[in-house]
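# Breakdown of the fold
As a plain string of letters, each chain reads:
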Amino acid sequence: MNGPLDTRPSAESHFVELTPKGLRTVRRWAIAITIGSFLFGFDTGIISGALLFIREDFGLSAFQQGSAVSVLLLGAVIGALGSGRISDRHGRRPLLAGLGAAFFIGVVAVTFAPAYWLLLLGRFVMGLAVGGVSATVPTYLGEMAPAQIRGRVLGLNQLLITVGLLTSYLVNWALADAELWRVMFGVAALPSALLFFAALWLPESPTWLIENGQPEKARKVIDKVAEPGGADRVVERVGRAHRDGRQDSDSGSGGLRELFHGTALAAFVVAVMLAALQQLAGINTILYYAPTIMSQAGLSASNAIYYSIFIGVVNVAVTVLSLYLVDRIGRRPLLLGSLVGMAVTIGLLGVAFAVSLSPVLMLVFMMLYIVAFGIGLGPVFWVMLGELFPSDQRARGASAGATVNWLSNFLVSLLFLPLIEAVGQTWTFWLFAGICVLGTVFVAKWAPETRNRDAEEVGAELARRWNMSVR
């Protein structure tokens, strides 16, 4: 294990300084690629309003309605799982272009579906694309952004997800009276095409180019944004880290097996634990119960679409606040504060059900829980997914984390109602509060701070926290 972290050079000494023009260029690249994140949010949210009219047009049973929703989650699991290998083999840019094409094909299939089976197929293809961007966008952003703005750039991923969700709710609301569910889905065709063409315009990740024997192409990308001499420093640093990583891996090993060595294994455990925690902490169950709670409170929220717009605005607002804080106070403080807030508020929601407190108090606890999630665990997981892993394992590590996130999402969706029937609302919410408490302990003991640190420094802190040798 290396010496104490405070004896190591700062992250800024490892990362090149950007010119003012270069900083603006990196931000444009980040905004362009997070069109995929917008589609992630839009395509997962649009079904909530459209399903009300699909079930009537196609005469769907309850099982078929559930399948129309959950098939996207299954596609997302497969898309997230397969994206890391494709990204490492062919590059981030071609994969992102392919995901834009997949979004477009899935949207067209659903929009013009003459029957239920084609609707399912289109939703599955959309799920493949959603899962793919959930793993690839954090990888690309983490490799393109300098340390001083990396948190904000990676946070754009979550911000555009919430903007996509809010847009889907607004589209549902605007088209609900006319029952134009096909148009609801068809709106996504334009950003899908934009993602495809944006990926063709974007540069390939310099990290990928260096690790695949194309350092001169990497220099050309870096020279567009960096001060003179910056490209040489990046090529040397990334090349050295890649060589060290290959030497430390078992001879002939590949794929996810390379994650199970040294600090890469610690990074893998942190990533999958945060991925599972983000879903198992109860956020979806709160969203499921919100319409009921709000109607009990006597508010004009009996219409789920109006409720969804309100929640969407809150999500966007707190995510913007998180973007402001993530590079100023760090990832760990946001995670710890978020988990404590979530544990308290969802625990109080359980108390409210147990003793029949005022529905207004239920609504307050629910909204505070959403705020706590949105300012910390929601966006910070996606930020850290692009920062935890050694550069040569970043794509496959992010793929593994995103896969666990989607599997956990599917598990919660599947088991929530049976759990309510088995133990009731109070104990269900207290169970989620307990998970938040365990998550707080895990983050406090084993999750590293990644703010203003490169992969080597993150690996050193992981080694210290997990008491192992640096990879």
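What you see is a predicted model; the values in this text were computed from it and never measured.

### A few points about the overall build of the protein chain
Of regular secondary structure, the protein chain possesses 21 helices and zero strands. The buried share of the protein chain, taken over its 471 residues, is 60%. A fraction of 84% describes how many contacts in the protein chain between residues 6 or more apart in sequence connect residues 24 or more apart. With an accessible surface of roughly 18,500 Å², the protein chain has 66% of that area assigned to carbon and sulfur atoms.

### Some words on the packing of helix H2 (residues 20–33) against helix H7 (residues 116–144)
The geometry of H2 relative to H7 is characterised by a closest axis approach of 11 Å and an angle of 180 degrees between their N-to-C directions. As the angle between them shows, H2 and H7 are arranged roughly antiparallel. Facing Val26, Trp29, Ala30 and Ile33 of H2, the residues of H7 in contact are Val137, Tyr140, Leu141 and Met144. Residue composition of the contact of H2 with H7, by class: eight nonpolar, no polar and no charged.

### Description of the packing of aromatic side chains
Within the structure shown, the criterion is met by eleven aromatic pairs. Ring plane angle 80 degrees and centroid distance 5.2 Å describe the contact between Phe196 and Phe197, whose orientation is recorded as edge-to-face. Ring geometry for Trp427 against Trp430: centres 5.1 Å apart, planes inclined by 85 degrees, an arrangement best described as edge-to-face. Of this pair, Trp427 and Trp430 both sit in helix H20 (residues 394–446), three residues apart, roughly one helical turn. Exposure remark for Trp427: the relative accessible area of 56% places this residue in the exposed category. Using a relative accessible area of 31% as the deciding quantity, one classes Trp430 as partly exposed. An aromatic cluster is defined as three or more aromatic residues linked by ring pairs; in this entry it consists of Phe40, Phe381, Trp382 and Trp406. The side chain of Arg328 reaches across the aromatic face of Tyr324, ending 4.0 Å from its centre.

### Regarding empty space enclosed by the protein
This model, assessed by the stated rule, comprises one cavity of 30 Å³ or more. Roughly 30 Å³ of volume is contained in the largest cavity. Taken together, Val26, Trp29, Ala30, Tyr140, Leu141, Met144, Ala145 and Val153 make up the lining of the largest cavity. Its residues assigned to classes, the lining of the largest cavity shows eight nonpolar, no polar and no charged.

### What to know about a nonpolar patch on the surface
Taken together, the side chains of Val340, Val344, Leu348, Val351, Val355, Leu357, Leu361, Val423, Trp427 and Trp430 present a nonpolar region at the surface, about 820 Å² in accessible area. Contributions of two or more residues to the nonpolar patch are made by helix H17 (331–355) and H20. Sorting elements by how many residues they give to the nonpolar patch places H17 first, with five residues. Take Leu348: it is sitting in helix H17. On the basis of relative accessibility, which here comes to 34%, the residue Leu348 falls in the partly exposed class.

### What about the nonpolar core?
In this structure, Trp181, Phe185 and Ile370 are the most contacted members of the largest nonpolar core, which totals 141 residues. Residues in contact with Trp181, not counting those within four places in the same chain, are Ala50, Phe53, Ile54, Asp57, Phe58, Val110 and Leu119.

### Regarding helix H4 (residues 47–58)
Restricting attention to buried positions, one finds in H4 the residues Ile47, Gly49, Ala50, Leu51, Phe53 and Ile54. Its buried side turned inward, H4 meets helix H3 (35–45), helix H5 (62–90), H7, helix H8 (150–176) and helix H9 (181–186).

### Description of H17
In an α-helix, one turn spans 3.6 residues; hence positions three or four apart end up facing the same way. Relative to the 36 Å expected for 25 residues at 1.5 Å per residue, H17 spans 36 Å between its end C-alpha atoms, a close match to the ideal helical length. Of the residues one or two after H17, Ser356 is the one with positive phi, at around 55 degrees.

### Digging into the environment of Phe53
In this fold, Phe53 is placed in helix H4. Judged by relative accessible area, Phe53 falls into the buried class, the value being 11%. A C-alpha to C-alpha distance of 6.4 Å links Phe53 and Trp181, two positions 128 residues apart in sequence. If we skip the residues at most four places from it in the chain, Phe53 touches Ala176, Glu179, Trp181 and Met184.

### Re the environment of Leu363
By the element assignment, Leu363 lies in helix H18 (residues 359–375). Since its relative accessible area comes to 13%, Leu363 is described here as buried.

### Re unusual backbone geometry
Positioned with a positive phi, Glu179 is a non-glycine residue whose angle comes to about 55 degrees. Positive phi outside glycine occurs at Asn452, with the angle close to 60 degrees. For Asn452, the position within the fold is in the loop between H20 and helix H21 (455–466). Residue classification places Asn452 among the partly exposed residues on the basis of a relative accessible area of 21%.

### Considerations on the packing of helix H14 (residues 262–280) against helix H19 (residues 377–385)
Direction vectors running N to C along H14 and H19 enclose 155 degrees, while the axes themselves pass 10 Å from each other. Between H14 and H19, the angle is such that the two are roughly antiparallel. Our pair here, H14 against H19, has a crossing hand that is left-handed. Residues Ala271, Leu274, Ala275, Leu277 and Gln278 of H14 touch H19, and the partners they reach there are Leu377, Gly378, Phe381, Trp382, Met384 and Leu385. Residue classes in the contact of H14 with H19 are distributed as nine nonpolar, two polar and no charged.

### Here's the deal with the side chain of Asn405
With respect to the helices and strands, Asn405 occurs in helix H20. Residue classification places Asn405 among the buried residues on the basis of a relative accessible area of 2%. Filtering out sequence-adjacent residues up to four positions away, Asn405 remains in contact with Ala275, Gln278, Gln279, Phe381 and Trp382.

### Remarks on the side chain of Glu449
Among the structural elements, Glu449 can be located in the loop between H20 and H21. The residues touching Glu449, leaving out its near neighbours within four places in the chain, are Gly330, Arg331, Arg332, Pro333 and Glu461.

Rules and cut-offs
Residue indices begin from 1 for each chain and proceed along its sequence in written order. Given that this is a predicted model, residues contribute local features only at a pLDDT of at least 70 and side-chain atom pairs are listed and counted only at 80 or more, while totals for whole chains, interfaces and linings are drawn from all residues. The side-chain numbers reported here are obtained from all heavy atoms of the structure, hydrogens and water having been left aside. Starting at the N terminus, helices and strands are each numbered in turn, a helix being any DSSP run of H or I of at least four residues and a strand any DSSP run of E of at least two. Relative accessibility thresholds used throughout: buried, under 20% of the residue-type maximum; exposed, over 50%; partly exposed, between the two (1.4 Å probe, protein chains only). Residue contacts are counted whenever heavy atoms from the two residues lie within 4.5 Å of one another. Methods summary: accessible areas were calculated by the Shrake-Rupley approach with a probe of 1.4 Å, and residue burial reflects only the protein chains presented. Angular values range over 0 to 180 degrees, each being the angle between N-to-C directions of two axes fitted as lines to C-alpha atoms, with helices fitted over their stretch in contact. We call two directions roughly parallel when the angle between them is under 35 degrees, roughly antiparallel when it is over 145, roughly perpendicular when it lies between 65 and 115, and oblique otherwise. Throughout, the ten residues Ala, Val, Leu, Ile, Met, Phe, Trp, Tyr, Cys and Pro are labelled nonpolar, Asp, Glu, Lys and Arg are labelled charged, and all others, Gly among them, are labelled polar. Only rings of Phe, Tyr and Trp enter the pairing, Trp through its six-membered ring, and a pair is recorded when the two centres are within 6.5 Å. The plane angle decides the type: under 30 degrees is stacked, over 60 is edge-to-face, the rest tilted. Whether a charge lies above a ring is judged from NZ of Lys or CZ of Arg, which has to be within 6 Å of the ring centre and within 35 degrees of the ring normal. Cavity means a closed set of points on a 1 Å grid over the protein atoms alone, one where a 1.4 Å probe fits but cannot get out, pocket means an open set with protein on both sides within 12 Å along at least 5 of 7 lines, and lining means a residue has an atom within 4 Å of a point. Grid points are joined across faces, edges and corners, and a volume is the space filled by probe spheres set on the points. Note that patches include only residues with greater than 30% relative accessible area and no salt bridge, and the join distances are 9 Å for like charges and 5 Å for nonpolar side chains (Val, Leu, Ile, Met, Phe, Trp, Tyr). Take a side-chain nitrogen of Lys or Arg and a carboxyl oxygen of Asp or Glu: if they are within 4 Å of each other, that pair is a salt bridge. Residues belong to a common nonpolar core when they are buried Ala, Val, Leu, Ile, Met, Phe, Trp, Tyr or Cys residues joined through side-chain atoms within 4.5 Å. Helix span, as expected, comes to 1.5 Å for every residue beyond the first. Working rule for handedness: look at the near helix, and if it is turned counterclockwise from the far one by less than a right angle, call the crossing left-handed; if clockwise, right-handed.

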